[in-house]
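Here's the letter readout for the chains.
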Amino acid sequence: MVLADAKAGTRNEAGISAVLGVLKQAFGERFQTGESFRAQHAHTTTYIPSQLPDGVVFAETREDVQAVVKACAEHRVPVIPFGTGSSLEGQVNAPQGGISIDFSRMNRILEVNAEDLDCTVEPGVTREQLNTYLRDTGLFFPIDPGANASIGGMASTRASGTNAVRYGTMKDNVLSVTAVTANGEEIRTARRARKSSAGYDLTRLFVGAEGTLGVLTSITLRLQGIPQKIAGGACAFPDVKSACDAVIMTIQMGVPVARIELLDAMQMRACNRYSGLTYDEKPTLFLEFHGTDETVALQSAQFAEIAAECGGGEFLWTSNAEERNKLWKARHDAYWACRALAPELNALSTDVCVPISRLAECVAETQADIEAHGLLAPIVGHAGDGNFHVLVLFDDKTPEGIAVVENFVARLNARALAMDGTCTGEHGIGQGKMAFLEQELGDAVDLMRQIKDALDPDAIFNPGKIFRGH
C-alpha cells in the first residue's frame, strides 16, 4: 500500500553528479549537500520513510529558480520544491534523489492592492507572516490549514482548513501564479481580474499539482475584510451522529458559519490534557461566526436552537478574543495533543471528504471500524464541508503493526469513495494516496498523466508523486 508506493526510484547518478558541480559553482554557500541539510528537506511528518535529496538550494529570486530548473532539465535530474515541510503525504520526499529548492528566503510580499482585495507574494511567505503584514490594511487571508504553512505549499496541495466552509479552499482564493516550466522559462497563468474567459484555466492546473508540473515563483491571492465582530464557542453532544446532524442542519439552513469543527470524545480528551481545557469529553463542535454585533449574536442563537434540536448541550459562545484564541489554539494543536496520548507510538494522519449529507454516516462507520479493530485513532474534522481527519497511533516497528494501519486507511478510503466522496479533502496525494486516486477517478488519471508528460517530458518535477511510474 503506502510504503510500496513510496519505494525509491531509479537514480540518474551521472546527471546528479554533474548538477551538484554546476549548482555548487553557481550558488556557493547557498547550495548545501550535508546530510543534516538534506534530512531537514525530506519527509518527517508521517511514518513514510524520509528519502533525502542530493542537495538543497536556498533560492532568493525567481532567477535562482530558473537557474536550478535549467541545470536539472539539461541533466534530467529531479527538482523538489520545499516550503515549510508540513505536508502529510510524502510530497517533499526525493525517491529518485535530486535537488530540493528551499523557498524560505523567497518570502517577500510583492504587492498589496487593498482596493481590489488582492495581493501577490513569493512562495516562501507563510500564512501567519502574510496576515501579520496585512493587519493594518483591514484585510486578511482566510485559508487556515492549522500549520503555519507556506503559501506556495498551500497552493501546491490545494489546502483548505478551518475557514473553508465560508471562504473556500486555495483553488477559490488563488487568482494567478507564475511558474517556472520544464524549459526553465517563467509563465504567468492569469491577470488580477476577478473573472476571465481567456483560454484554459492554467491557474487551477498548477494549484493542487503538488509541484509535478512546474515550480511556483509567485502567487496572487484574494483577500477578505477583517470582520467587525467575531464570536465563537463550543457545544458538546451525546454522540458523533448528533453532532454531525447539527452540522448538516446548520449548513442546509444557510447559517453563515465561518468555522465548524468536529472533535470526537477521544480528541477532546487529548485536547483537554494537552491544552489545559476543561470541556466535557464528549463529541464536540467548535464554531466561529463572522459579521457585526447583531449578526454574530443572531447566528449564535440560530445554532443554539439547532444544537438543542439535535440533542446537544448548551452552546457557550463568546466574542472575547483571548477566550476564542485559546479555543482555536487547542484545535490547531490537535495533532500534538493526539501524539501526547501515546508518545511511544508513531502516527499516521489521513483525511477523506464526503458530501455533507453522508458525513454522519461516514464518521459513525469509521468510529465503529476503529473500535472493532482496537485502534487508538481520534477524529477531528472540518465538518462544515464534509472533510474529516483520523490520526491513527500505532506501532511501526513491526510489519504487522504497519499492516493494521494501512488496512484501516484502505477501508476508510473505500468507505468515502462508496459515498461519492474523495480520498483526500486537503492533504493531497503525494506518495501516500496514489492507489486511492486511481480508484477514485479511474481513466481520468490517464489524462492527468498525459498532461504531466506534455508539460514535463523528462519527468524532472517532483517525480514519484500523484501517479505511479511518474
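A quick note: this is a predicted structure, and the numbers were derived from the prediction, not measured. The residue count restarts for each chain, going from 1 along the sequence in the order it is written. Selection of residues for local features in this predicted model requires a pLDDT of at least 70, selection of side-chain atom pairs for listing and counting requires 80 or more, and totals for whole chains, interfaces and linings are taken over all residues. Water and hydrogen atoms play no part in the side-chain values, which are based on all heavy atoms of the structure.

Enquirer: Would you mind showing me how to read the pattern of salt bridges here?
Expert: Side chains that carry opposite charge are capable of pairing whenever their charged atoms lie near each other. By convention in these notes, a salt bridge is any Lys or Arg side-chain nitrogen within 4 Å of a carboxyl oxygen on Asp or Glu. Using the criterion set out here, one finds 32 salt bridges in the structure. The shortest N-O distance in the salt bridge between Lys433 and Asp351 comes to 3.9 Å. Of this pair, Lys433 sits in the loop between helix H16 (399-418) and helix H17 (434-441) while Asp351 sits in strand E16 (residues 346-353), and the two are 82 residues apart along the sequence. Pair check on accessibility: Lys433 and Asp351 agree, each one buried. Linking Lys452 and Asp456 is a salt bridge whose minimum nitrogen-to-oxygen distance equals 2.6 Å. Each member of the pair Lys452 and Asp456 is classed as buried. Several salt bridges share partner residues, and in doing so they unite Arg127, Glu128, Asp144, Arg259, Glu288 and Arg324 into one network. Helix numbering and strand numbering both begin at the N terminus, where a helix is a DSSP run of H or I of at least 4 residues and a strand a DSSP run of E of at least 2. Each residue gets one of three labels from its accessible area relative to the maximum for its type: buried under 20%, exposed over 50%, partly exposed in between, using a 1.4 Å probe on protein chains only.

Enquirer: Got a minute to help me understand the packing of aromatic side chains in this structure?
Expert: Stacked, tilted and edge-to-face are the three classes assigned to paired rings of Phe, Tyr and Trp, where Trp is represented by its six-membered ring and a pair needs centres within 6.5 Å; plane angles under 30 degrees give stacked, over 60 edge-to-face, the rest tilted. Under the counting rule described, the total for this entry stands at seven aromatic pairs. Ring geometry for Phe289 against Phe315: centres 6.4 Å apart, planes inclined by 75 degrees, an arrangement best described as edge-to-face. Of this pair, Phe289 sits in strand E14 (residues 284-291) while Phe315 sits in the loop between helix H12 (293-309) and strand E15 (316-318), and the two are 26 residues apart along the sequence. The exposure class assigned to Phe289 is buried, which follows from its relative accessible area of 0%. For the pair Phe303 and Phe315, a centre-to-centre distance of 5.0 Å together with 80 degrees between the ring planes defines the contact as edge-to-face. Highlighted residues: Phe303 in helix H12 and Phe315 in the loop between H12 and E15, separated in sequence by 12 residues. You'll find Phe303 and Phe315 in the same group, each marked buried. A connected cluster of aromatic rings, assembled from ring pairs, spans Tyr279, Phe286 and Trp328. Looking at Arg259, its charged tip hangs above the ring of Trp328, at a distance of 4.6 Å from the centre. Here, a charge over a ring is recorded when the distance from Lys NZ or Arg CZ to the ring centre is within 6 Å and its angle to the ring normal is within 35 degrees.

Enquirer: What is the right way to look at the sheet that holds strand E10 (residues 215-222) in this model?
Expert: In a beta sheet, neighbouring strands pair by backbone hydrogen bonds and run either parallel or antiparallel. A sheet is described by the order of its strands in space; here five strands give the open sequence E5-E6-E10-E8-E9, paired in antiparallel fashion. In this open sheet, the two strands that pair with only one neighbour each are strand E5 (109-113) and strand E9 (186-188). Going across the sheet, the axis of each strand differs from the next one's by a mean of 15 degrees, ignoring polarity. In what follows, residue pairs with any heavy atoms lying within 4.5 Å of each other are defined as contacts. In this analysis, axes come from line fits to C-alpha atoms, helices being fitted only over the stretch in contact, and the angle between any two N-to-C directions falls in the range 0 to 180 degrees. Strands E5, strand E8 (174-180), E9 and E10 of the sheet are contacted by helix H4 (residues 62-75), whose axis makes an angle of about 140 degrees with E10. Where helix H5 (residues 127-134) meets the sheet, its contacts fall on E5, strand E6 (118-121) and E10, and the angle it forms with E5 comes to roughly 45 degrees. By this definition, two strands are paired if DSSP reports at least two bridges between them.

Enquirer: Help me out: how do you make sense of the domain arrangement of the protein chain in this one?
Expert: When the parts come together, some accessible area is lost, and that loss is often what is quoted as the size of the interface. Domain annotation of the protein chain identifies domain 1 (2-104), domain 2 (109-225) and domain 3 (229-419). Domain segmentation is taken from an automatic or database assignment of domains. Here domain 2 and domain 3 have C-alpha centroids that lie 27 Å from each other. Facing 10 residues of domain 2, the contacting portion of domain 3 comprises 12 residues. In total, domain 2 and domain 3 occlude about 950 Å² of area from one another, counting both sides; carbon and sulfur atoms represent 51% of this. The term buried area means the drop in 1.4 Å probe accessible area that two parts suffer when joined, counted for both and summed. When residues of domain 2 are sorted by the area they lose upon contact with domain 3, Thr162, Val165 and Arg166 head the list and together hold 57% of the total. Where domain 2 packs against domain 3, one counts one salt bridge. Residues Arg259 and Asp144 are paired through a salt bridge, measuring 2.9 Å at the closest nitrogen-oxygen approach. Polar contact is defined as a pair of N or O atoms within 3.5 Å, subject to the rule that within protein one atom must be able to donate a hydrogen and the other to accept it, and that residues adjacent in sequence are counted only when both atoms are side-chain atoms. Joining domain 2 to domain 3, the criterion identifies seven residue pairs in polar contact (both at pLDDT 80 or more). Per-element accounting of the side of domain 2 that touches domain 3 gives the leading share, four residues, to helix H7 (residues 164-167).

Enquirer: Quick question: what am I supposed to make of H12 here?
Expert: Structurally, the α-helix is built with 3.6 residues per turn, so residues lying three or four positions apart point the same way. Here a helix's expected span is defined as the number of its residues, less one, multiplied by 1.5 Å. Its 17 residues give H12 an end-to-end C-alpha distance of 25 Å, which sits within 8% of 24 Å, the value for a rise of 1.5 Å per residue. Buried residues in H12 make contact with strand E12 (229-236), helix H10 (240-252), strand E13 (257-263), E14 and E15. Remark: Gly311 follows H12 within two positions and exhibits a positive phi of approximately 90 degrees.

Enquirer: What's the story with the sheet that holds strand E3 (residues 79-82) in this structure? I'm lost.
Expert: In space, the four strands of this open sheet follow the order E1-E2-E4-E3, with mixed pairing throughout. The open sheet has two edge strands with one neighbour each: strand E1 (31-32) and E3. Relative to strand E4 (residues 99-102), strand E2 (residues 55-58) runs parallel, the two being bridged by four bridges. Paired with Gly55 across the strands is Ile99, a residue of E4. In this fold H4 packs onto E2, E3 and E4, with an angle of close to 170 degrees to the strand it touches most, E4.

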